[in-house]
Amino acid sequence: MKNCSSKNKVNLNAYLFANLLIVGILLVSLWNRKPVWDVSLRFPNLLLILVLINTVLIFRDVIFAAAATPRIKRAAKLRKRSLNELRAVLKNASRVDESLLISVLERLKNMAKAEAVTVFITGNGQSKQLASAGDLPPALVGCRFTLKSDVLFIKYTGNLGEEEAGKLTTGNRPLIFKSSITRLEMTAVPLALASDKTGICIFSSRENHKSPPLSLASLALFLETLMALIDASQNAGDARYKDKETGLLLFSCFNDSFETEVERSERYKQEMSLLSLSIAGFENLQEADKLTAAKSTAVALKQSLRRLDLMFCGETEGHFLAILTETGIETAEIVAARIQKTFAKQTEKVDFISSHKIVIQIGSATYPIDATHGMGLLEKSRESLAGAKETKTGFKAYSDKPKD
């Protein structure tokens, strides 16, 4: 393209020089009153035409610049659209959590004039959709992204297979992708995150997709900072007492907290239930899938329990405990069903969950009906968990145990 432009420029200059030479010869012959050609060629008209042509060629940049300037300025204005609207969302936020990221993506969708904006996290063989705004194209619903030597692959649902989206380069350069399998068109902005993970901010429209008129390098820096801020806020507190992967309290904290809650229930004559949870088939999963299942269980617990309830990692992998304060047998069963339903919804698009038939099994024991001290309540809760495997719902309360 560069060579063609240089060649056209040389030809144009040569043509201009030839015209100037002809005009010079004609002017000299006119001055000497000895025309080079016969007057029947309408010498004055020929001279006038050549002068006009040379004038246009000499001043072409000035003549055509006025028409081209508005379009250039408009394009430059679109490319440099400010991100102050996103800063306003952050400034006016009441909480720093995942809801803030959703609010930012909602505003970003309007600024970019896209139908959908979503953020995925990929790394360590895993892929997770962190947040989204707008109506996602069907191809992005339930899909998984993987990185292989900086090359991004997208795996579709519905047995559509896997497709290479392109190579993620350094410097936050966007990746523009149009699928040959589906109707997916998107612009993907890579995000550098902690723990060797890569974030991907995706802009997509069902038809006539265009790259967002924003400074994508500045946008990447803003989103990276925002996500680091959200992670820091969620991990606030003494890290010695929390599991870094799930955010739940460690099992080493359970005994002290449990005895305190038992004493409180005894003092105020209130019921309290203890749930023992287990991920069925956890031991058959690969390490990456185990982490995904554990995180999904933690999310289900956080979304299903109240603020005053307590959640813990179990003594072994794949097990969890939950203390439901001021909760009787019937309410504990309702909460357990809510946890199972939330877990199923969280993992309905995850392939290994359905293939391995991964479910949450829950056993329950209630103070003071089943036991009046902590160790007895814990033992009976675990006994109920063992019986939950035989039930259709995967839940069993100790009080439902048939009497001898």
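Being a predicted model, the structure only gives us computed values, none of them experimental.

## A few points about the overall build of the chain
A count of helices and strands for the chain gives 11 helices and 13 strands. Here the contacts in the chain between residues at least 6 apart in sequence split such that 58% fall between residues at least 24 apart.

## A short note on the pairing of strand E11 (residues 319–325)
In terms of residue burial, E11 counts as a mostly covered element, since six of its seven residues are buried. Sheet topology places strand E9 (residues 272–279) next to E11; seven bridges connect them, and they run antiparallel. By the bridge assignment for E11, leucine 275 is matched with alanine 322. Bridge count for strand E10 (residues 310–313) against E11 is four bridges, and the pairing is antiparallel. Residue pairing in the sheet places phenylalanine 312 in a bridge with leucine 321 of E11.

## Observations concerning the nonpolar core
Nonpolar side chains in soluble globular proteins tend to end up buried together. By size, the foremost hydrophobic cluster in this structure holds 30 residues, and its most contacted members are Leu275, Leu277, Leu301, Leu305, Ile339 and Ile362. Those residues within four positions of leucine 275 in sequence are excluded, and the remaining contacts are Phe320, Leu321, Ala322, Leu324, Ala332, Val335, Ile339, Ile362, Gly363, Ser364 and Ser381.

## Description of a nonpolar patch on the surface
A surface patch of nonpolar side chains, amounting to about 320 Å² of accessible area, comprises Phe17, Leu21 and Ile25. Residue position: leucine 21 is located in helix H1 (residues 2–31).

## Some points on the pairing of strand E7 (residues 185–192)
Counting buried residues in E7 gives six out of eight residues, a clear majority hidden from the surface. Between strand E6 (residues 175–178) and E7, which pair antiparallel and follow one another directly, the connecting turn spans six residues. In the sheet, E7 pairs with strand E8 (residues 198–204) via seven bridges, with the strands oriented antiparallel. What sits directly across from proline 190, in E8, is isoleucine 200.

## Some thoughts on the layout of surface pockets
The computed volume of the second largest pocket comes to approximately 310 Å³. In terms of lining, the second largest pocket is formed by 15 residues, of which the most central are Asp243, Thr246, Ala294, Glu317 and Gly318. Sorting the residues of the lining of the second largest pocket by element identifies helix H8 (287–304) and E11 as the ones contributing at least two each. Considering every element that reaches the lining of the second largest pocket, the biggest residue donor is H8, with four residues.

## Some points on the sheet that holds strand E13 (residues 395–397)
The strand order across the open sheet built from five strands is E10-E11-E9-E12-E13, with neighbouring strands paired in mixed fashion. Edge strands, defined here as strands with exactly one partner in the open sheet, are E10 and E13. Taken over all neighbouring pairs, the strand axes of this sheet differ in orientation by 15 degrees on average, direction set aside. Here E9 pairs with strand E12 (residues 360–367) via eight bridges, running antiparallel. Counted as the bridge partner of serine 278 is glutamine 361 from E12. Contacting E9, E11, E12 and E13, helix H9 (residues 329–346) crosses the sheet at an angle of about 160 degrees to E12. Docked against the sheet, helix H11 (residues 374–388) engages E9, E11, E12 and E13, running at close to 145 degrees with respect to E12.

## Examining unusual backbone geometry
The residue after tyrosine 367, namely proline 368, is reached through a cis peptide bond having omega 0 degrees. Turning to its location among the elements, proline 368 is positioned in the loop between E12 and H11. Of note, serine 149 is a non-glycine position whose phi angle comes to about 55 degrees, a positive value. The residue serine 149 is located in the loop between strand E3 (144–148) and strand E4 (151–155) in this model. Its relative accessible area of 70% is what places serine 149 among the exposed residues. If you check the backbone angles, glutamate 326 has positive phi at about 50 degrees while not being a glycine. Residue placement: glutamate 326 occurs in the loop between E11 and H9.

Parameters at a glance
Residues numbered from 1 in each chain as written. Predicted model: local features only at pLDDT ≥ 70, side-chain atom pairs only at ≥ 80, totals over all residues. Heavy atoms only, no water. Helix = DSSP H or I, 4+ residues; strand = E, 2+ residues; numbered from the N terminus. Contact = heavy atoms within 4.5 Å. Buried < 20%, exposed > 50% of the residue type's maximum accessible area, 1.4 Å probe, protein only. Pairing = 2+ DSSP bridges. Core = buried A, V, L, I, M, F, W, Y, C linked by side-chain atoms within 4.5 Å. Patch = residues over 30% accessible without salt bridge, like charges linked within 9 Å, V, L, I, M, F, W, Y side chains within 5 Å. Areas by Shrake-Rupley, 256 points an atom, 1.4 Å probe, with all protein chains shown as cover. Salt bridge = Lys/Arg side-chain N within 4 Å of Asp/Glu carboxyl O. 1 Å grid on protein atoms, 1.4 Å probe; cavity = no way out; pocket = protein on both sides within 12 Å on 5 of 7 lines; lining within 4 Å. Points joined across faces, edges and corners; volume = space filled by probe spheres on them. Axes fitted to C-alpha atoms, helices over the stretch in contact; angles between N-to-C directions.

What is shown is where atoms sit, not what they do.
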